[in-house]
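So the chains spell out like this:
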Amino acid sequence: MPHEKVYPVPPQIAARAHIDAERYRTLYARSLQDPDGFWSEQAERFITWDRRWEQVCDWDFQRAHIRWFEGGRLNACVNCLDRHLDTRGDQTALIWESDDPAVSRRFTYRELHAQVCRLANVLKNHGIGKGDRVCIYLPMIPEAAVAMLACARIGAIHSVVFGGFSAEALRDRILDADCRLLITADEGLRGAKHVPLKANADQALSECPGIRTVLVVRRSGGEIGWTEGRDVWYHEAVAAASEDCPPESMEAEDPLFILYTSGSTGKPKGVLHTTGGYMVYAAMTHKYVFDYHDGEIYWCTADVGWVTGHTYLVYGPLANGAVTLMFEGVPTWPEPDRFWQVVDKHQVNIFYTAPTAIRALMRLGEDYVKRTSRRSLRILGTVGEPINPEAWEWYYHVVGEERCPIVDTWWQTETGGHMITPLPGATPLKPGSAAWPFFGVEAVILDDKGKEIEGPGEGVLAIKRAWPAQARTLYGNHQRFLETYFKPYPGYYFTGDGARRDEDGYFWITGRVDDVLNVSGHRLGTAEIESALVEHPAVAEAAVVGFPHDIKGQGIYVYVILKEGLQPSEELQRELIELVSRDIGPIAKPDVIQFARDLPKTRSGKIMRRILRKIAAGQIDDLGDTSTLADPSVVEELIHNRIQAG
Ligand code: WTA
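Because the structure is a prediction, the values reported are computed rather than measured. (Residues numbered from 1 in each chain as written. Predicted model: local features only at pLDDT ≥ 70, side-chain atom pairs only at ≥ 80, totals over all residues. Heavy atoms only, no water.)

A.B. asks: Explanation requested: the UniProt feature "binding site: Mg(2+)" (unreviewed entry) in the protein in the structure shown.
C.D. replies: According to UniProt, the "binding site: Mg(2+)" (unreviewed entry) feature falls on Val 534, His 536 and Val 539. Mapped onto the elements, Val 534 comes out in the loop between helix H18 (526-533) and strand S28 (539-549). You can call Val 534 partly exposed: its relative accessible area is 39%. Look past the residues within four positions of Val 534 in its chain and what remains in contact with it is Val 539, Ala 540, Glu 541 and Ala 542. Mapped onto the elements, Val 539 comes out in strand S28. (UniProt positions renumbered as here; feature names shortened; annotations may be inferred. Helix = DSSP H or I, 4+ residues; strand = E, 2+ residues; numbered from the N terminus. Buried < 20%, exposed > 50% of the residue type's maximum accessible area, 1.4 Å probe, protein only. Contact = heavy atoms within 4.5 Å.)

Written as structure tokens, this is what we have:
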């Protein structure tokens, strides 16, 4: 609950910040009063256009119609690379820190540009052009950024699938977006463990006839299968390709990428982002939220498979001509000081990670942190889930030595960029609060009747007007887009999150209000996991809920009803865990499986998840109203057999 501490803006940060408190107030007010004027200026400042737009924005939430900078033309890759060549061609663009602490590489803007152009030509040689979908299933290696930018250069739409996803998850995403070409690697390397990407891809592709070419990066050199006529070595193809590749001039509203995320129903949603508004917002938020100054070393630990990796590892920083660091490994290998060793090795100034990582490292003690210097650090950030004040304080005092403001950035795959966040030079910090809305973001809290709560209060978080990086649709399913985000509260974009606003206007995100879990900052739909479980021949029914977990934020608690006559066993339990892991990916592995005779249902047959959540969390004295249950004895039994979790 309310955390009383407030940390003022450190004077040395305020002194050179792009945005101080005064400027935040004036600019924020202006962004709402004169959105067209405000966003025109930002679009001019942050992006190089081939042709100027005719209309700044045109939106109607009733139809989920959102358009920005129409008539404008630009290329995202040119904005990330070409336009920097004259001024900073020999500056480092990307630092790659490999899984192996002894290996890192630097790429200048010129080198990155050359690589991107070569790959773009390879894509063209394989018949990929504007509007075609390319799937990227890669580990955290430079080729992942190169692949995204190469697609952007020729107007192809990339769909990056997180390397930790299974063959089945990959297949579903390839099919949904009807991808033509896949870029993958032989294996990924994380903490010296091998991830069989090519083997997964081979399995997925046995059901994806639309994929005609697979470019394979050689990362580990491990043994892999090979399909002649389809598989091509990446290094051979780019070596043979030209470095000359004129960019495709895109309409502001042409798609840039699709990124799949979980919703409250089983099928993942292909969130579609377009070019102009997204790029303006990515560059602007990256500069202001991290208070990025020229020459600083910036490190976002997110995987390119998530939206954070898109906006704040690749597009935002490169659009600003920044030095962006990409890390292939894990925070605890070879030892739990890896993050801080990398900070010292590359003199990182700005560090952006997830609360789950902070909690995991906190648990291992201060010594791993304190044996490193970290003097280079200036700004810290978090994203992905609410950060508990205890973890915040540890991050602030131990990691940042009370010198570095923490930006707790609230946003979503669908929002494209930061929405509610402190600005380092402007916002006094309250541990656990994402603070104030970013420029142009009109965030409101709605009560259960959908009415706006003025002033302090708690309810669901919604956004009242369009912003440039807002998702435009779900690929191939505009109806679902409309229904998920705009129908629940007409006139608003519904975030799916609950929030509280305090007396000072600070927002405190309370977590999802729908059936979406947030496990270690990864979004997972309960329905996705349930449908994996019921594939097992022994399972009659399954219900999945989240429960509070010390490190992951939320853990996965599964209730399983077996088919008539079958008995629970440890082997069955193992099989079910294995099944989910195979179907979705290791991130979705259940923490707890409770076998049950029945689930609490209303007389109309609806599962009362609220009760299942309470039981999983151990809040059995506080089950709320159970009078509508068809069979109250079911609850007694579930409580009796509940498994201590967390
Ligand atoms: C949660 C990640 C509290 C939230 C960028 C949101 C957060 C979901 C924060 C989106 C934060 C993200 N504080 N909660 N700073 N950041 N979330 O699409 O529930 O992977 O709806 O985007 O993560 O997750 P997604």
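A.B. asks: Can you walk me through the packing of H18 against helix H19 (residues 570-583) in this structure?
C.D. replies: The relative placement of two packed helices is expressed as an angle between their axes plus a distance between the axes. At a minimum axis separation of 9 Å, H18 and H19 run at an interaxial angle of 120 degrees. Taken as axis vectors, H18 and H19 run oblique relative to one another. For the crossing formed where H18 meets H19, the hand is right-handed. From H18, Ile 529, Ala 532 and Leu 533 reach across to H19, where they touch Leu 576, Leu 579, Val 580 and Asp 583. Residues that form the contact of H18 with H19 fall into these classes: six nonpolar, no polar and one charged. (Axes fitted to C-alpha atoms, helices over the stretch in contact; angles between N-to-C directions. Parallel < 35°, antiparallel > 145°, perpendicular 65-115°, else oblique. Left-handed = near helix turned anticlockwise from the far one by under 90°. Nonpolar A, V, L, I, M, F, W, Y, C, P; charged D, E, K, R; others polar.)

A.B. asks: For this particular structure, what's the right way to read the site of the ligand?
C.D. replies: In the vicinity of the ligand lie 17 residues, with Asp 408, Thr 409, Thr 413, Asp 497 and Arg 523 positioned nearest. One of the side-chain nitrogen or oxygen atoms of Thr 413 is found 2.5 Å away from an oxygen atom of the ligand. Its free accessible area being 530 Å², the ligand has 96% of it covered by the protein chains. Of all the elements in the fold, those that place two or more residues in the shell around the ligand are helix H12 (307-319), strand S20 (406-409) and strand S25 (507-512). (Near = heavy atom within 4 Å. Polar contact = N/O pair within 3.5 Å; in protein donor to acceptor, adjacent residues only side chain to side chain. Areas by Shrake-Rupley, 256 points an atom, 1.4 Å probe, with all protein chains shown as cover.)

A.B. asks: In this structure, what is going on with the packing of helix H14 (residues 355-363) against helix H16 (residues 389-399)? I would like to understand it.
C.D. replies: Where H14 contacts H16, the axes come no closer than 10 Å and their chain directions differ by 75 degrees. The orientation of H14 with respect to H16, classified from their angle, is roughly perpendicular. Of H16, the residues touching H14 (which contributes Ile 358, Arg 359, Leu 361 and Met 362) are Glu 390, Ala 391, Trp 394 and Tyr 395. Taken together, the residues of the contact of H14 with H16 sort by class into six nonpolar, no polar and two charged.

A.B. asks: I keep staring at the nonpolar core and nothing clicks. Help me out?
C.D. replies: The tendency in soluble globular proteins is for nonpolar side chains to be buried as a group. Counting 208 residues, the largest nonpolar core has Leu 119, Tyr 315 and Phe 439 as its most contacted members. Per-element tally for this core: the top contributor is helix H7 (residues 142-154), with ten residues. What Phe 439 contacts, discounting residues up to four positions off in sequence, is Ile 19, Tyr 24, Leu 27, Tyr 28, Ser 31, Phe 38, Trp 39, Tyr 281, Met 284, Tyr 288 and Leu 423. In this structure, Ile 561, Ile 611, Leu 629 and Leu 638 belong to the second largest nonpolar core, which totals 20 residues. (Core = buried A, V, L, I, M, F, W, Y, C linked by side-chain atoms within 4.5 Å.)

A.B. asks: Please explain the side chain of Asp 231 as it appears in this structure.
C.D. replies: Within the fold, Asp 231 resides in strand S12 (residues 231-233). Polar contacts involving the side chain of Asp 231 include one to the side chain of Lys 198, which spans 2.7 Å. Reaching out from Asp 231, the side chain makes a polar contact with the backbone nitrogen of Thr 227 at a distance of 2.8 Å. Setting aside chain neighbours within four positions, we find Asp 231 in contact with Lys 198, Asp 202, Val 214, Gly 225 and Trp 226.

A.B. asks: Help me understand the pattern of salt bridges in this model?
C.D. replies: When charged atoms on two side chains of opposite charge get close, those side chains can pair. Going through the model one piece at a time under the given rule, you end up with 49 salt bridges. For the salt bridge of Arg 219 with Glu 328, the shortest nitrogen-to-oxygen distance reads 2.7 Å. In this pair, Arg 219 is assigned in the loop between strand S11 (213-217) and S12 and Glu 328 in the loop between strand S17 (323-327) and helix H13 (338-346), connecting sequence segments 109 residues apart. Here Glu 541 makes a salt bridge to Lys 601, at a shortest N to O gap of 3.0 Å. In this pair, Glu 541 is assigned in strand S28 and Lys 601 in the loop between strand S30 (592-596) and helix H20 (609-617), connecting sequence segments 60 residues apart. Its relative accessible area of 24% is what places Glu 541 among the partly exposed residues. (Salt bridge = Lys/Arg side-chain N within 4 Å of Asp/Glu carboxyl O.)

A.B. asks: Where do I start with the sheet that holds S11 in this structure?
C.D. replies: The strands making up a sheet are joined through hydrogen bonds of the backbone, oriented either antiparallel or parallel. Taken in spatial order, the eight strands line up as S12-S11-S8-S6-S7-S14-S15-S23 in an open sheet, and their pairing is mixed. Looking at the sheet topology across the chains shown, the edges are occupied by S12 and strand S23 (473-474). Direction of pairing for strand S7 (residues 157-160) relative to strand S14 (residues 255-261): parallel, over a ladder of two bridges. Counterpart to Ser 159 in the pairing with S14 is Ile 258. (Pairing = 2+ DSSP bridges.)

A.B. asks: Where do I start with the packing of aromatic side chains in this structure?
C.D. replies: The geometry of an aromatic ring pair is captured by the separation of the ring centres together with the interplanar angle, meaning the angle of the planes. Tallying each qualifying case throughout the model produces 49 aromatic pairs. Relative to Phe 61, the ring of Trp 59 lies with its centre 4.7 Å away and its plane at 50 degrees, an arrangement referred to as tilted. Residue class for Phe 61 comes out buried when judged on its relative accessible area of 3%. Geometrically, the ring pair formed by Trp 392 and Tyr 396 is stacked, given 5.1 Å between the ring centres and 20 degrees between the ring planes. With Trp 392 and Tyr 396 both in helix H16 and four residues apart, the pair spans about one turn of that helix. Of the residues examined, Tyr 396 reaches a relative accessible area of 6% and is grouped as buried. Note that Arg 173 overlies the ring of Phe 165, its terminal NZ or CZ placed 4.4 Å from the centroid. Residue placement shows Arg 218 over the ring face of Trp 233; its charged tip is 4.6 Å from the ring centre. (Phe/Tyr/Trp six-rings, centres within 6.5 Å; stacked < 30°, edge-to-face > 60°. Lys NZ or Arg CZ within 6 Å of the ring centre and 35° of its normal.)

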